[in-house]
Amino acid sequence: MKIALRSKKVYIIAMILGVIAYIPFIIAVILSIPSLNATLFYGYPYVEWAFAAFYILAGFIWGDLHQAKFRKDSKNWDGKLPENVVADAWKRRLPFFFACGLVVILIFVLEITALINGYYPFTR
């Protein structure tokens with residue numbers, strides 16, 4: 001995992017995935033501008049929850065599939081994996097986990113705001 005944390009590619013991919021997950025929130029902000037006379041997008045908090053769940057699932061599955069492929073190719077079913085395979089699996093997992101962390105931060109801010117105001121921001 002330490003090797004994966006040193007890779008700048010992991011952080012760049014995580015930021016790109018995080019920006020992709022923020023798109024529903026950005027759309028809700030734009031649609032809340034009164035001069036647009038647009039219908040508000042009420043479902044963006046639920047879409048953010050879906051992005052968080054998808055990123056956790058995708059990160060776990062992609063890293064696990066990489067390790068399973070190595071085990072199948074080498075017929076090493078129950079032995080210890082080499083360090084480079086474990087590091088590659090973490091390089092595949094971490095961008096999704098970091099992006100999920102960014103989405104969860106937004107979700108917590110939205111939920112706290114909803115608890116205080118009684119409604120989600122940009123829905124009125």
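Treat the numbers as computed from the prediction; the structure is a model and nothing was measured.

Student: Explain the overall build of the chain to me, using residue names and the numbers behind them.
Tutor: A tally of regular secondary structure across the chain gives five helices and zero strands. Computed over the C-alpha atoms, the radius of gyration of the chain is 19 Å, more than 25% above the 14 Å expected from 2.2 N^0.38 for a compact globule of 124 residues. Considered along the principal axes of its C-alpha atoms, the chain spans approximately 60 × 25 × 25 Å. Looking at the 124 residues of the chain, the share that counts as buried comes to 32%. A separation of at least 24 residues holds for 70% of the contacts in the chain among residues at least 6 apart in sequence. Within the structure as shown, the chain displays about 8,100 Å² of accessible surface, and the carbon and sulfur contribution to it stands at 71%.

Student: Please give an account of the pattern of salt bridges that cites residues and values.
Tutor: Tallied over the full model, the rule gives one salt bridge. Among the salt bridges present, the one from D73 reaches K69, with a minimum N-O distance of 3.2 Å. Taken together, the residues D73 and K69, both in helix 4 (residues 44-74) and four residues apart, mark about one turn of the helix. The pair formed by D73 and K69 is uniform in burial state, with each residue classed as exposed.

Student: Lay out a nonpolar patch on the surface in plain terms, naming residues and giving numbers.
Tutor: A cluster of nonpolar side chains, I12, I16, I20, I23 and I27, forms an exposed patch at the surface whose accessible area comes to about 430 Å². For the nonpolar patch, the secondary structure elements donating two or more residues are helix 2 (8-21) and helix 3 (23-31). Broken down by element, the residue count for the nonpolar patch peaks at three residues, all from helix 2. We classify I20 as partly exposed; its relative accessible area is 38%.

Student: Can you explain the confidence of the model for the chain? Please cite residues and give values.
Tutor: This prediction gives the chain a mean pLDDT of 91; 100% of its residues lie at or above 70. Taking the mean pLDDT of every element in the chain, the minimum, 82, falls on helix 1 (residues 2-5) and the maximum, 95, on helix 2.

Student: Could you give an account of the environment of T39, with specific residues and numbers?
Tutor: Looking at the secondary structure, you find T39 in the loop between helix 3 and helix 4. Judged by its relative accessible area of 66%, T39 falls in the exposed class. Remark: the alpha-carbon pair of T39 and W62, spanning 23 residues in sequence, is separated by 38 Å.

Student: Please set out the packing of helix 4 against helix 5 (residues 83-117) residue by residue, giving values where relevant.
Tutor: For the pair helix 4 and helix 5, the least separation of the axes is 9 Å and the interaxial angle reads 170 degrees. Taken together, the axis directions place helix 4 and helix 5 in an arrangement best described as roughly antiparallel. When its residues are assigned to classes, the contact of helix 4 with helix 5 shows 22 nonpolar, four polar and six charged.

Student: Outline the nonpolar core, supporting the account with residue identities and numerical values.
Tutor: Of all hydrophobic cores here, the largest spans ten residues; its members are L17, A21, A52, Y55, A58, F96, A99, C100, V103 and I107. Those elements that provide at least two residues to this core are helix 2, helix 4 and helix 5. Beyond its immediate sequence surroundings of up to four residues, L17 is in contact with Y55, P95, F96 and A99. Membership of the second largest hydrophobic core comes to seven residues, among which are F25, A28, A114 and Y120.

The rules we used
- Residues numbered from 1 in each chain as written.
- Predicted model: local features only at pLDDT ≥ 70, side-chain atom pairs only at ≥ 80, totals over all residues.
- Heavy atoms only, no water.
- Helix = DSSP H or I, 4+ residues; strand = E, 2+ residues; numbered from the N terminus.
- Rg over C-alpha atoms; globule rule 2.2 N^0.38 Å.
- Buried < 20%, exposed > 50% of the residue type's maximum accessible area, 1.4 Å probe, protein only.
- Contact = heavy atoms within 4.5 Å.
- Areas by Shrake-Rupley, 256 points an atom, 1.4 Å probe, with all protein chains shown as cover.
- Salt bridge = Lys/Arg side-chain N within 4 Å of Asp/Glu carboxyl O.
- Patch = residues over 30% accessible without salt bridge, like charges linked within 9 Å, V, L, I, M, F, W, Y side chains within 5 Å.
- pLDDT = per-residue confidence, 0-100.
- Axes fitted to C-alpha atoms, helices over the stretch in contact; angles between N-to-C directions.
- Parallel < 35°, antiparallel > 145°, perpendicular 65-115°, else oblique.
- Nonpolar A, V, L, I, M, F, W, Y, C, P; charged D, E, K, R; others polar.
- Core = buried A, V, L, I, M, F, W, Y, C linked by side-chain atoms within 4.5 Å.

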